[in-house]
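Commentary on secondary and tertiary structure
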Amino acid sequence: MNILVLNCGSSTVKFQIIQTDLEMMKNDSERCLASGNCEKIGSEQALYGMRATGSEGIKGVRPLRDHREAICAIFDWINSGQAGIEGVSSLKDIQAVGHRILHGGERFTKSTLIDDQVLQGISDLIPLGPLHQRPQVMGIQACREFMGHDIPQVAVFDPSFHTTMRPINYLYALPYEYYERYQIRRYGFHGTSYRYVTQKYAALTNTPIDKVNIIILHLGNGSSVCAVKEGKCLDTSMGFTPLEGLVMGTRCGDLDASILPFLMEHAQLDGKGLDDLMNKKSGLLGISGLSSDMRDIEEAAVSGHERAKLALDMFCLRLTKYIGSYFAEMHGAQAIVFTGGIGQNSPIVRAQACEGLECMGIDIDLALNDSLKRGTAGDIARADSRVKIWVIPTNEEVMIARDTFTIIRNAECGMRNSEFVMRNA
Ligand code: AMP
């Protein structure tokens, strides 16, 4: 089955066409046939790039007013006859679409086939994450418009892995009525990545999924940590929105909330201004004054840029603190697992995050850490380390394709939506 995986962000659309079937799912050997993205959507100078695997593809700049237009541009390329995608000469060769959806609220705890009611339910959650959820609704509608109303579409909710959290973990210590009235609670994000990495760790170490006790650090432009106990989420660092927790590229993470009314009074910032400050101007960028990209930060820190070094140190110290607190909360763990663009590629961050954790039996092998080949999985702990330290590249797109395939196959087998048996869900 050829599945289009769509990931609509606030001003971006990323896509992959993934070929999968039961055999490929079992062997973790799905194939990406094509991929691409549109950025700066909403501007006259939007960027696009699309390519069939193994080819040069196309890229350029053009006006893209909204996500519908961006998806239309991607579909025009697929239909053009020039894309050169193996086995796909038009949209008719794509059998289903899987969408990454930011928020499922408390209603959607698993990936779900999208019908009118589900689409309405996803739209109803726009207030919880307007910047992402609105374009994602637009993405579903655009697929119906251009691929036909009946094209099977599946919603894969980013927080669904975290629905096993207990109230003790997901509640804020605000008056309880605020949870009941406004659903203010911790939801957690990067769930699709955590589900993939948990399954991959189980396979790599031959551990039954319900015996997996690990701390996963998903470190990218957005970063979070997840305590996985018995294969399920016990706790995670992102909360009501993807702002809480770690220091990120442009997000501040944990903050004393009283800073906000203070800034409203003294820096004349309104709600929108505060939101921008915390989400777009803080983190690595805000501290360094240089860049939100960890590669730039590392390079500058090494060449003596003091605030870049400070940003790097703050990023890593926050990691160390979270690992320590989750280790205690879980009563110990088998492994720490690094993933995401930074987790997979930065030996500097991995080494520094593990500094001082030897007292908990977490002992990194610096030579193995430095020599691990990019893009590969490996254990980088010292042989005598009580806790293993793994690097496992994530693949959220494949996870979305798997859920889509499983749900559609189950639907074809005539099972009711509520009875879908999700693989390890
Ligand atoms: P992601 O959001 O998962 O795509 O990750 C993006 C982040 O990964 C950016 O901050 C990049 O700077 C970072 N990254 C990618 N490659 C490297 C690398 N070789 N060393 C350090 N950071 C990297």
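Conventions we followed
- Residue numbers here run from 1 along each chain, matching the order of that chain's written sequence.
- Local features are withheld for residues below a pLDDT of 70 in this predicted model, meaning they are given only at 70 or higher, and side-chain atom pairs are given and counted only at 80 or more; totals for whole chains, interfaces and linings count all residues.
- Hydrogens and waters are ignored; side-chain quantities use all the structure's heavy atoms.
- Each helix is a run of DSSP H or I of at least 4 residues and each strand a run of E of at least 2, with the numbering of both proceeding from the N terminus.
- Our radius of gyration is a C-alpha quantity, and the globule rule it is checked against amounts to 2.2 Å times the number of residues to the power 0.38.
- Exposure classes here rest on a 1.4 Å probe applied to the protein chains alone. A residue is buried below 20% of its type maximum, exposed above 50%, and partly exposed in between.
- The contact rule is simple, with two residues in contact once any of their heavy atoms fall within 4.5 Å.
- Two strands qualify as a pair provided that DSSP identifies no fewer than 2 bridges between them.
- Whether a residue is near a molecule or strand is decided by its heavy atoms; if any one of them lies within 4 Å of it, the residue is near.
- Throughout this description, a polar contact denotes any pair of N or O atoms lying within 3.5 Å of each other; where both atoms belong to protein, one of them has to be capable of donating a hydrogen while the other can accept it, and for residues adjacent in sequence the pair is counted only when both atoms sit in side chains.
- Residue-level accessible areas treat just the shown protein chains as cover; the underlying method is Shrake-Rupley with a 1.4 Å probe.
- Lys, Arg, Asp and Glu make up the charged group, whereas Ala, Val, Leu, Ile, Met, Phe, Trp, Tyr, Cys and Pro make up the nonpolar group; the residues left over, Gly among them, are polar.
- Any cysteine sulfur atom paired with another within 2.5 Å is treated as part of a disulfide.
- Put simply, a salt bridge is a Lys or Arg side-chain nitrogen that is within 4 Å of an Asp or Glu carboxyl oxygen.
- The patches reported here contain residues having more than 30% relative accessible area and no salt bridge. Joining distances are 9 Å for like charges and 5 Å for nonpolar side chains (Val, Leu, Ile, Met, Phe, Trp, Tyr).
- To form a nonpolar core, buried Ala, Val, Leu, Ile, Met, Phe, Trp, Tyr and Cys residues must be joined to one another through side-chain atoms within 4.5 Å.
- Note on ring pairs: Phe, Tyr and Trp rings are taken, using the six-membered ring of Trp, and paired if centres are within 6.5 Å. Classes follow the plane angle, with under 30 degrees stacked, over 60 edge-to-face and the rest tilted.

Notes on the overall build of the protein
On a plain count of helices and strands, the protein comes out with 16 helices and 14 strands. At 22 Å, the protein has a C-alpha radius of gyration in line with the 22 Å of a compact globule built from 425 residues. Structurally, the protein occupies a C-alpha span of about 55 × 55 × 50 Å along its principal axes. Looking at the protein as a whole, 51% of its 425 residues qualify as buried. Considering only contacts in the protein between residues 6 or more positions apart, those separated by 24 or more positions represent 61%.

A closer look at the sheet that holds strand S11 (residues 232-236)
With respect to topology, six strands assemble into an open sheet ordered S11-S10-S9-S12-S14-S13, the strand pairing being mixed. Two strands bound the open sheet, and with one partner strand each, they are S11 and strand S13 (378-379). Here S13 pairs with strand S14 (residues 388-391) via two bridges, running antiparallel. Paired with Gly378 across the two strands is Val391, which belongs to S14.

A look at the site of the ligand
With respect to spatial proximity, the complete set of residues near the ligand consists of Gly220, Asn221, Asp293, Met294, Arg295, Glu298, Gly340, Gly341, Ile342, Asn345, Ser346 and Arg374. One nitrogen or oxygen atom from the main chain of Met294 is found 3.0 Å from an oxygen atom belonging to the ligand. Take Arg295: an N or O atom from its main chain is 3.3 Å from an oxygen atom of the ligand. For the ligand, the protein covers 76% of the area, taking 500 Å² as the surface of the free molecule. Sorting the residues of the shell around the ligand by element identifies helix H11 (294-302) and helix H13 (340-345) as the ones contributing at least two each. Here the shell around the ligand takes four residues from H13, the largest share from any one element. Looking at the shell around the ligand, its residues break down into two nonpolar, six polar and four charged.

A word on the state of the cysteines
On inspection of all chains with the given rule, the structure shows zero disulfides. Its sulfur unpaired, Cys233 is 3.8 Å from the next cysteine sulfur, which belongs to Cys226.

As for the pattern of salt bridges
Here the structure, examined in full by the defined rule, presents 20 salt bridges. Residue Asp313 pairs with Lys309 through a salt bridge whose shortest N-O separation is 2.9 Å. One end of the pair, Asp313, and the other, Lys309, are both in helix H12 (residues 306-329), four residues apart, so they sit about a helical turn from each other. Overall, Lys309 belongs to the partly exposed group, its relative accessible area being 39%. It is possible to trace a salt-bridge network through shared partners that takes in Asp28, Glu30, Lys200 and Arg402.

Some remarks on a nonpolar patch on the surface
Together, Leu174, Tyr178 and Tyr182 give the surface a local cluster of nonpolar side chains, amounting to about 310 Å² of exposed area. By the element assignment, Leu174 lies in the loop between helix H5 (167-170) and helix H6 (176-182).

Regarding the nonpolar core
Grouped together as the largest cluster of nonpolar side chains are 39 residues, with contacts concentrated most on Ile215, Leu219, Phe315, Val349 and Ile362. For this core, the secondary-structure elements that each account for two or more residues are strand S9 (214-219), strand S10 (223-229), H11, H12, strand S12 (335-339), helix H14 (347-353) and S14. For this core, the leading source of residues is H12, giving 10 residues. In contact with Ile362, other than residues within four places in its own chain, are Ile323, Phe327, Ile336, Cys354, Leu357, Ser385, Val387 and Ile389.

Re the environment of Arg51
As for its position among the elements, Arg51 is in strand S4 (residues 46-52). In this structure, the C-alpha to C-alpha distance between Arg51 and Ser237, residues 186 residues apart in sequence, is 35 Å. Not counting chain neighbours up to four residues away, the residues in contact with Arg51 comprise Ala34, Ser35, Glu56, Gly57 and Trp77. At a separation of 3.2 Å, a polar atom in the side chain of Arg51 contacts the main-chain carbonyl oxygen of Ser55.

Topic: the packing of aromatic side chains
Going through the model one piece at a time under the given rule, you end up with nine aromatic pairs. For the ring pair Tyr176 and Tyr179, a centre distance of 5.5 Å and an interplane angle of 75° mean the geometry is edge-to-face. Linking Tyr176 with Tyr179, this pair stays in helix H6, spanning three residues, or about one helical turn. What makes Tyr176 partly exposed here is its relative accessible area of 45%. Here a set of aromatic residues connected by ring pairs shows up, and it is made of Tyr170, Tyr176 and Tyr179.

Observations concerning the pairing of strand S1 (residues 2-8)
Most of S1 sits inside the fold, with seven of its seven residues counted as buried. Burial along S1 is two-sided: the face carrying Asn2, Leu4, Leu6 and Cys8 and the face carrying Ile3, Val5 and Asn7 are both buried. One ladder, built from seven bridges, connects S1 with strand S2 (residues 13-19); its direction is antiparallel. Bridging from a neighbouring strand, Ile3 pairs with Ile18 of S2. Connecting S1 to the next strand, S2, in antiparallel fashion are four residues. In terms of strand pairing, S1 meets strand S6 (residues 96-101) through four bridges, oriented parallel. Residue pairing in the sheet places Leu4 in a bridge with Val97 of S6.

None of this, on its own, says anything about what the molecule does.
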